[in-house]
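For reference, the chains in residue letters:
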Amino acid sequence: METDRGHMSWLEAGAGWPVVLLHAFPLEAELWRPQLEAVPQGWRFIAPDLRGFGRSIPPSGGSGLTMDDYAADVLCLMDNLKIDDAVIGGLSMGGYVAFAMFRQAPRRFTGLVLADTRSQADTPQAHEMRVAQRELLRTGGPPALAEQSLPKLFSQAAAPEVIGRTRAMIESAPAAAIDAAMVAMMTRPDSTPGLADINCGTLVVVGKGDEITPVADAEAMQRAIPRSTLCVIPGAGHLSSLEQPDVFSRALADFLVSPL
Ligand code: MLT
C-alpha cells in the first residue's frame, strides 16, 4: 500500500478487533506466521514489515532513522487501514517500536504486548557491541550477521527448521535496512520512566532462556506497568513466538479475552 510515508507492506489474517504485531530485528512480518495461522475467532491480526524490511519502504539515507520513524510508519499504516485503535505488540525491536508508538499516540492502544523486549536504552557495552556489529555487517553482509546472531536467538533445543527459516529472513534483509535499524536501536531513549503511565492492559511475555532480553527485564517491566501480567515460556529463547508458537499463541489469545 502507498502511504504518505512511502510503500508499506503487511501480512494479515482473521476478521474482527485488530491486533498489530511488530517484528524483531532484523526480521520481517513473516516472524509472525505461526500466530497468523492461529488467530482467535473475532480478531484480526496485522503484521507490518517495518521500514526497509520485507516489502516495506526501502530506507532512504541509511542511518538517519529513529524509533519514532518506525512508530510513525506503523501509525500511518493504521490510518490507511482505517484502524483507530488496536492491541499493539512487538517482539524485541518490535517492542521498542511499540514504546515509541505509545509515546506518540497512547489513545490508539486498547492493549499492549511486550514480548522478549526491554524498556531500558542501550548500555555503553551494548552500544559497543552494535558498533562492532555494524562493522561486521559492512564487511560480511547479512550472512555474517546471521552467523553471529543465530546462536543467541534460540534455546539449545530449537528445531533446525525454525533456525533455518530465521537465517533465511536475516540473509534476505537489505544491509541498509539492518544498519538503519541498528542506529535507531543505539539511539533509542529509555522507556522505563514511562512504564507507570501505561494505562492499558499489558501482556509481558518472555522465553525462559532468553539471553538477549532476559526474564529479569520482563519481570521488572511487569512490576512497573499497573495492569499487566507476565508469561514466561519454557523451552524458548529470545524468539519465543517462533520457538514455542503454540504456547505463545495461547498466551496471546488468553490475554485478548482477559479483563486486564
Ligand atoms: C531484536 O531481536 O529485535 C534485537 O535483538 C533487539 C536488540 O538487539 O536490542
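Please refer to the structure placed before this passage.
Residues numbered from 1 in each chain as written. Predicted model: local features only at pLDDT ≥ 70, side-chain atom pairs only at ≥ 80, totals over all residues. Heavy atoms only, no water.

Caption draft 1: Main features of the pairing of strand 7 (residues 109-115). Of all seven residues in strand 7, six are buried; the element is thus mostly enclosed. For the crossover from strand 6 (residues 86-91) across helix 3 (residues 93-104) to strand 7, the handedness is right-handed. Relative to strand 8 (residues 202-207), strand 7 runs parallel, the two sharing four bridges. Counted as the bridge partner of leucine 112 is threonine 202 from strand 8. (Buried < 20%, exposed > 50% of the residue type's maximum accessible area, 1.4 Å probe, protein only. Helix = DSSP H or I, 4+ residues; strand = E, 2+ residues; numbered from the N terminus. Right-handed = clockwise from strand over helix to strand, strands pointing away. Pairing = 2+ DSSP bridges.)

Caption draft 2: Helix 6 (residues 175-186), seen in detail. Taking 1.5 Å per residue as the helical rise, helix 6 with its 12 residues ought to reach 16 Å, and the 17 Å between its terminal C-alpha atoms agrees with that figure. Of all the residues in helix 6, the buried ones are Ala177, Ile178, Asp179, Ala180, Ala181, Met182, Val183, Ala184, Met185 and Met186. Of the surrounding elements, those touching the buried residues of helix 6 are helix 2 (67-80), helix 3, helix 4 (124-153) and helix 5 (160-172). (Expected span 1.5 Å × (residues − 1). Contact = heavy atoms within 4.5 Å.)

Caption draft 3: Seen up close, the sheet that holds strand 8. Read from one edge of the open sheet, seven strands run 3-5-4-6-7-8-9, paired in mixed fashion. Pairing within the sheet leaves two strands with one partner each, and these edge strands are strand 3 (10-14) and strand 9 (228-233). Going across the sheet, the axis of each strand differs from the next one's by a mean of 15 degrees, ignoring polarity. With six bridges connecting them, strand 8 and strand 9 associate as parallel partners. Bridge assignment links valine 205 to a residue of strand 9, and that residue is cysteine 231. Running over the sheet, helix 2 touches strand 3, strand 4 (17-22), strand 5 (43-48) and strand 6 and is turned about 155 degrees from strand 4. (Axes fitted to C-alpha atoms, helices over the stretch in contact; angles between N-to-C directions.)

Caption draft 4: Examining the layout of surface pockets more closely. For the largest pocket, the calculated volume is near 580 Å³. Elements with a contribution of two residues or more to the lining of the largest pocket: helix 3 and helix 4. Broken down by class, the residue content of the lining of the largest pocket amounts to 12 nonpolar, seven polar and six charged. (1 Å grid on protein atoms, 1.4 Å probe; cavity = no way out; pocket = protein on both sides within 12 Å on 5 of 7 lines; lining within 4 Å. Points joined across faces, edges and corners; volume = space filled by probe spheres on them. Nonpolar A, V, L, I, M, F, W, Y, C, P; charged D, E, K, R; others polar.)

Caption draft 5: Fine view of the site of the ligand. Taken together, Ala24, Phe25, Ser92, Met93, Tyr96, Arg130, Met185, Ile212 and His238 form the complete shell of residues around the ligand. Within the contact set of the ligand, an oxygen atom lies 2.8 Å away from a backbone nitrogen or oxygen of phenylalanine 25. Measuring from an oxygen atom of the ligand, one finds a side-chain N or O atom of histidine 238 at 2.8 Å. Here the ligand loses 92% of its free accessible area of 270 Å² to cover by the protein chains. Applying the majority rule of atoms within 2 Å of the grid points places the ligand in the largest pocket. (Near = heavy atom within 4 Å. Polar contact = N/O pair within 3.5 Å; in protein donor to acceptor, adjacent residues only side chain to side chain. Areas by Shrake-Rupley, 256 points an atom, 1.4 Å probe, with all protein chains shown as cover. Sits in = over half its atoms within 2 Å of the grid points.)

Caption draft 6: Local environment of the side chain of glutamine 35. Among the structural elements, glutamine 35 can be located in helix 1 (residues 33-36). A polar atom in the side chain of glutamine 35 sits 3.4 Å from the side chain of serine 249. If near-sequence neighbours (up to four positions away) are discounted, glutamine 35 is found in contact with Leu21, Phe45, Ser241, Pro245, Phe248 and Ser249.

Caption draft 7: Spatial organisation of the state of the cysteines. In the structure shown here, the tally under the stated rule is zero disulfides. The closest cysteine sulfur to the non-disulfide-bonded cysteine 200 is located on cysteine 231, 18 Å from its own sulfur. The exposure class of cysteine 200 is buried, given its relative accessible area of 5%. (Disulfide = S-S within 2.5 Å.)

Caption draft 8: Main features of empty space enclosed by the protein. Taken as a whole and judged by the stated rule, the model has one cavity of 30 Å³ or more. Approximately 40 Å³ is the volume attributed to the largest cavity. Around the largest cavity, the lining residues are Met67, Tyr96, Phe99, Arg103, Arg118, Ser119, Gln120, Arg188, Pro189 and Ser191. Broken down by element, the residue count for the lining of the largest cavity peaks at three residues, all from helix 3. The residue makeup of the lining of the largest cavity, split by class, is four nonpolar, three polar and three charged.

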